[in-house]
Amino acid sequence: MGQHVRHNRRRGRATGSRTKVAEYGLLTAGAFLVALAFNLFLNPNGIATGGVSGISTIVEAVFGVRPALTQWALNVPLFLAGVRILGGQFGFKTLYGTLVLPLFVLLTDSLPPLTRDPLLAAVFGGVGVGIGLGLVFKARASTGGTDVAAQILHRFTRWSLGLCILLIDGLVVLTAGVVFGPEGALHALVGLFVTGKTIDLVQMGLGYAKMGLIISRREEAIRQAILHELDRGVTRIHAVGGYSGHERPLLLCVVHWREVAKLKELVARIDPEAFVIVTEVHEVLGEGFQALAGFKR
């Protein structure tokens, strides 16, 4: 019994070590991609898409200070202030991200820009930053910066965290509008929008699935067909008709996008009068889809 327990502990430690290595690998790759996007697209075109990187773009344009130096000068004090004010929630991964991102910015700042078209730079720079930050977030980490400042502001004002982030990034974009002109601010907003959408894509993945909601008087026959013909799980939910007040069981099932036509054909064959809702879902975890086990801490 004791040997079995020790074996499980060793296996757990080994799994935890592999997970940590994978997380630091994602964090490093993500920070490198953010740095590349910054130096190849955003900074050479004066696009300050919020955050410490946006501030560093403005500071370079006004004072000629290399962006990496500005980022270190802001990131490290913000991290220390976060630890002091918010407590020990900022672990070593956040410190690592805070230090390594400016390092990559410094190492890649001599690369020539890939475009001088500010709109193209905003779009592709936003994509690059979004992919990089998406990988960082998948590693359950952060690159520090104004995210920490937003949490500090949230602590003292009790405003929502989203509002605090919006205020800080908005102030950076407005400043960019003063330094680079109105078009600079507009390009920065495009970059911010593309970054947000790309982060969502990286977080949720490309594997869109479809969820079907089915209301039918022949729900049992449809349930059996889904189970045995589609080989998909199905959940029976008790529901009540809003007009009739009668019980109307609701069937819920999730299928791959390529199985939607077969699902609709199956329902139409059994009950042509059934009420069917098909909607898009993201990141389906569990049997038959993406394994949930890999997301354990």
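Before reading on, note that the structure itself is shown above.
Residues numbered from 1 in each chain as written. Predicted model: local features only at pLDDT ≥ 70, side-chain atom pairs only at ≥ 80, totals over all residues. Heavy atoms only, no water.

### A few points about helix H2 (residues 51-63)
Turning to step 1, where the next piece is worked out: The first and last C-alpha atoms of H2 sit 18 Å apart over 13 residues, in line with the 18 Å expected at 1.5 Å per residue.
Turning to step 2, where the next piece is worked out: Note on H2: the residue one or two positions beyond its end, Gly64, has a positive phi of about 80°. (Helix = DSSP H or I, 4+ residues; strand = E, 2+ residues; numbered from the N terminus. Expected span 1.5 Å × (residues − 1).)

### Quick word on the packing of aromatic side chains
Turning to step 1, where the next piece is worked out: A full pass over the atoms with the stated rule returns four aromatic pairs.
Turning to step 2, where the next piece is worked out: Ring centres of Tyr24 and Phe92 lie 6.4 Å apart, and the angle between their planes is 50°; this geometry places the pair in the tilted category. With Tyr24 in helix H1 (residues 2-42) and Phe92 in helix H4 (residues 92-108), this pair connects stretches of sequence that are 68 residues apart.
Turning to step 3, where the next piece is worked out: Classification of Phe92 as exposed rests on a relative accessible area of 56%.
Turning to step 4, where the next piece is worked out: For the pair Phe32 and Phe104, a centre-to-centre distance of 5.3 Å together with 80° between the ring planes defines the contact as edge-to-face. A residue pair is termed long-range when its members are at least 10 positions apart, and Phe32 in helix H1 and Phe104 in helix H4 qualify at 72 residues.
Turning to step 5, where the next piece is worked out: For Phe32, a relative accessible area of 34% corresponds to the partly exposed category.
Turning to step 6, where the next piece is worked out: Ring pairing ties together the aromatic residues Tyr24, Phe92 and Tyr96, which thus form one cluster. (Phe/Tyr/Trp six-rings, centres within 6.5 Å; stacked < 30°, edge-to-face > 60°. Buried < 20%, exposed > 50% of the residue type's maximum accessible area, 1.4 Å probe, protein only.)

### A short note on the nonpolar core
Turning to step 1, where the next piece is worked out: Judged by nonpolar contacts, the single largest core of 23 residues is most densely connected at Ile47, Leu101, Val105 and Val129.
Turning to step 2, where the next piece is worked out: Elements with a minimum of two residues in this core: H1, H4, helix H5 (118-138) and helix H8 (182-204).
Turning to step 3, where the next piece is worked out: Among the elements that line this core, the one with the most residues is H1, at nine residues.
Turning to step 4, where the next piece is worked out: In this structure, Val129 is in contact with Val34, Ala37, Leu42 and Thr195, ignoring residues within four places of it in sequence.
Turning to step 5, where the next piece is worked out: Within the second largest apolar cluster, 15 residues are counted, among which are Ile222, Ala225, Cys253 and Ala274. (Core = buried A, V, L, I, M, F, W, Y, C linked by side-chain atoms within 4.5 Å. Contact = heavy atoms within 4.5 Å.)

### What to know about the sheet that holds strand E1 (residues 209-215)
Turning to step 1, where the next piece is worked out: Strand order in the open sheet formed by four strands is E2-E3-E1-E4, and the pairing between neighbours is antiparallel. Looking at which strands have only one partner, the edges of the open sheet turn out to be strand E2 (235-237) and strand E4 (275-281). Direction aside, the axes of adjacent strands within the sheet are offset by 25° on average.
Turning to step 2, where the next piece is worked out: Where E1 meets E4, seven bridges bridge the pair, whose relative direction is antiparallel. Its bridge partner being in E4, Gly212 is matched across the sheet by Val278.
Turning to step 3, where the next piece is worked out: Sheet contacts for helix H9 (residues 219-230): E1, E2 and strand E3 (250-256); angle to E3, the most-contacted strand, approximately 20°. (Pairing = 2+ DSSP bridges. Axes fitted to C-alpha atoms, helices over the stretch in contact; angles between N-to-C directions.)

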